[in-house]
Amino acid sequence: MYCVVYSSDARPGTTHEDVARILEQAEAANTRARITGALMFDGQRFCQLLKGDEAQVTRTMKRIKRDLRHSNLRILDASQTLARRFPGWSMLEVGQEEFQDVLEALTA
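Residues numbered from 1 in each chain as written. Predicted model: local features only at pLDDT ≥ 70, side-chain atom pairs only at ≥ 80, totals over all residues. Heavy atoms only, no water.

### A closer look at the layout of surface pockets
Okay, step 1: Taken as a whole, the largest pocket holds about 220 Å³ of empty space.
Okay, step 2: Lining the largest pocket we find 17 residues, and of these Ile22, Ala26, Arg63, Ile64 and Asp67 sit closest to its centre.
Okay, step 3: A per-element tally of the lining of the largest pocket places helix α1 (residues 16-33) first, with five residues.
Okay, step 4: Counted by class, the lining of the largest pocket contains nine nonpolar, five polar and three charged residues. (1 Å grid on protein atoms, 1.4 Å probe; cavity = no way out; pocket = protein on both sides within 12 Å on 5 of 7 lines; lining within 4 Å. Points joined across faces, edges and corners; volume = space filled by probe spheres on them. Helix = DSSP H or I, 4+ residues; strand = E, 2+ residues; numbered from the N terminus. Nonpolar A, V, L, I, M, F, W, Y, C, P; charged D, E, K, R; others polar.)

Below, the structure is given as structure tokens:
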């Protein structure tokens, strides 16, 4: 199991409706790729955790890097992990306050 955590700057003017569309697209793509994840958006930045097969996570990250809704993407952590903590999540939206808790739970 491979885990990536990244942050990126959102395109100026990104709204919560835009994020809802991102979540909808990510949920469908992640389900197909058997990836689980959590996404946080604070109005200016994204922070996301993705977990799954290394090849699938790598493909997903390449797609995200090409996505014009993101800029200045930074990988905060990329590592192998033992197992999924929450296999039922294809994509979870969390608030800033919850994101650290989710990160700790998912990366444990």
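There is more to say after this.
### Some details on the environment of Ala10
Okay, step 1: Note that Ala10 resides in strand β1 (residues 2-10).
Okay, step 2: For Ala10, a relative accessible area of 12% corresponds to the buried category.
Okay, step 3: Contact partners of Ala10, with chain neighbours within four places excluded, come to Phe41, Gln44, Arg45, Phe46 and Arg69. (Buried < 20%, exposed > 50% of the residue type's maximum accessible area, 1.4 Å probe, protein only. Contact = heavy atoms within 4.5 Å.)

### A word on helix α2 (residues 54-66)
Okay, step 1: The end-to-end C-alpha distance of α2 is 19 Å, a good match for the 18 Å that 13 residues give at a rise of 1.5 Å each.
Okay, step 2: Looking at α2, one finds that the buried residues are Val57, Thr60, Met61 and Ile64. One face of α2 carries all of its buried residues, which in axial projection span an arc of 100°. The exposed set on the far side of α2, more than 90 degrees from its buried face, consists of Lys62 and Arg66.
Okay, step 3: Summarising the contacts, the buried residues of α2 are in contact with β1, α1, β3 (45-52) and β4 (70-80).
Okay, step 4: At the N-terminal boundary of α2, the capping side chain belongs to Asp53, with an oxygen 3.2 Å from the backbone nitrogen of Ala55. (Expected span 1.5 Å × (residues − 1). Arc of directions from axis to C-beta. Polar contact = N/O pair within 3.5 Å; in protein donor to acceptor, adjacent residues only side chain to side chain.)

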